[in-house]
Structure formats: C-alpha cells, structure tokens
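Here's the letter readout for the chains.
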Amino acid sequence: VGLFLAYAVGMGLVVGSVALAVALARMSLLGRIRQALPYVMRVGGLLLVIAGGYVAYYGWYEVRVQRGGAVDDPVINIGNTVQIWASATLDRLGVAWLALAFVVLLAAAAVTVFLRTRSPSRVRE
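Reference entry: report on the structure contained in this document. Counting of residues starts from 1 at the beginning of each chain's written sequence and follows it residue by residue. Residue-level local features of this predicted model are given only where pLDDT is at least 70; pairs of side-chain atoms are given and counted only at 80 or more, and the full residue set underlies all totals for whole chains, interfaces and linings. Computation of side-chain values: all heavy atoms of the structure, hydrogens and water removed.

**Details of the overall build of the chain**
When its secondary structure is counted, the chain shows two helices and zero strands. Burial status follows relative accessibility: with a 1.4 Å probe on protein chains alone, a residue under 20% of its type maximum counts as buried, one over 50% as exposed, and anything between as partly exposed. Taking all 125 residues of the chain together, 8% fall into the buried category. We call two residues in contact when some of their heavy atoms are within 4.5 Å. Within the chain, residue pairs in contact and separated by at least 24 positions form 54% of the contacts whose partners lie at least 6 positions apart. Using a 1.4 Å probe, accessible areas were evaluated by the Shrake-Rupley method; residue-level cover was limited to the displayed protein chains. Carbon together with sulfur atoms contributes 73% to the accessible area of the chain, which is approximately 10,300 Å² in total. Secondary structure elements are defined from DSSP: runs of H or I of at least 4 residues count as helices, runs of E of at least 2 residues count as strands, and each element is numbered from the N terminus.

**So, the environment of Ala-70**
For Ala-70, the location among the structural elements is in the loop between helix 1 (2-66) and helix 2 (74-118). In this structure Ala-70 touches Tyr-61 and Val-65, once residues within four positions along its chain are discounted.

**A short note on the packing of aromatic side chains**
The aromatic pairing rule takes the rings of Phe, Tyr and Trp, using the six-membered ring of Trp, and pairs them if the centres are within 6.5 Å, calling planes under 30 degrees apart stacked, those over 60 edge-to-face and the rest tilted. One pass over the structure, following the stated rule, counts three aromatic pairs. Judged by centre distance (5.5 Å) and plane angle (75°), the rings of Tyr-57 and Trp-60 are edge-to-face. Linking Tyr-57 with Trp-60, this pair stays in helix 1, spanning three residues, or about one helical turn. Each residue in the set Tyr-54, Tyr-58 and Tyr-61 is aromatic and connected to the rest through ring pairs, giving one cluster. If you follow Arg-64 out to its NZ or CZ, it ends over the ring of Trp-60, 4.3 Å from the centre. Distance and angle both matter: a charge sits over a ring if NZ of Lys or CZ of Arg is within 6 Å of the ring centre and within 35 degrees of the ring normal.

**Observations concerning a nonpolar patch on the surface**
On the surface, a nonpolar cluster with roughly 550 Å² of combined accessible area is contributed by Tyr-7, Met-11, Val-14, Val-15, Val-18 and Val-22. Take Met-11: it is sitting in helix 1. Residues form patches when they are more than 30% accessible in relative terms and have no salt bridge. Like charges link within 9 Å. Nonpolar side chains (Val, Leu, Ile, Met, Phe, Trp, Tyr) link within 5 Å. Salt bridges are identified by distance alone: a Lys or Arg side-chain nitrogen within 4 Å of an Asp or Glu carboxyl oxygen.

**Here's the deal with the environment of Val-75**
Tracing the sequence through the fold places Val-75 in helix 2. Distance in space between the C-alpha atoms of Val-75 and Tyr-58 is 8.7 Å, their sequence separation being 17 residues. Every residue in contact with Val-75, bar those within four places of it in the chain, is listed here: Tyr-54 and Tyr-57.

**Considering helix 2**
Between the first and last C-alpha of helix 2 there are merely 58 Å, a value that for 45 residues lags more than 12% behind the 66 Å anticipated at 1.5 Å per step. Of the residues making up helix 2, those classed as buried are Ile-76, Gly-79, Gly-94 and Ala-109. Counting of polar contacts relies on pairs of N or O atoms within 3.5 Å, with two restrictions inside protein: one atom must be capable of donating a hydrogen and the other of accepting it, and residues adjacent in sequence are counted only when both atoms are side-chain atoms. For helix 2, the side-chain oxygen to backbone nitrogen distance between the N-cap and Val-75 is 3.0 Å, and the N-cap itself is Asp-73. Helix span is expected to be 1.5 Å times the residue number reduced by one.

**Comments concerning the pattern of salt bridges**
Taken as a whole and assessed by the stated rule, the structure comprises one salt bridge. Across the pair Arg-64 and Asp-73 runs a salt bridge, and its minimum N-O distance is 2.9 Å. With a relative accessible area of 5%, Asp-73 lands in the buried category.

These figures come from the coordinates and say nothing about function on their own.
Have a look at this one:
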C-alpha cells in the first residue's frame, strides 16, 4: 500500500507540474506552438510508434524467454539502461524537488489568475 501511495503521489506531482506548466505557458507560447504543431504531431506520432514497437518487442521477448530462449537481448538491455538512468535521476532529485516544482508552478498559476482577474483591460461580463 505504501509503494502504491508513493507511486500515486509521484505521478500526481509529475502530471500536476506538467499541467500547470502548460497552463502557464499556454498564452505566451500558443503562437509558436501552432506554427510547430505539424512537426510536433509527427514527432509525437513517431514516438508513439517507437514506444508501441518496444512494447510489442518486449512482449515477444517475454514469450521467447518463457519458451527457454536467451535472456540477454540488446534491445531490452538498452531499455533497461534508459529505465535505470531515469529512475536514478528522479531518485537523485528526490520528492522534495518535485514537490517544490509543483508548489512553484501552483503559486505561479495562482498569481497569473489573480493578475488576469484584476487587470483593468479585461472586460467583465
């Protein structure tokens, strides 16, 4: 239960931080993002195909290992190396830095909303 709660809090912090960053950057970067959207969509699609290919390959690898095949596989070793690097990086940063990033983004969002609602140029209905 503790591991599940830690995972839930970690994922919540990451998703919340990204959502707040996108919300804050939305207005200033919207024009640039619209110009880059065709490229972003293609890169996102490519990443999705790569991730799906890796998942399919990993499933095939598991079937091979279950049938007595070799455990050592270069593609799976690269995936494991990337996973270990990402895990170690997040571990070095620690929960405190992720929580701090979330709090800073939340405070920035609150200040932005406050300033926008207090702006005299904003037409109120």
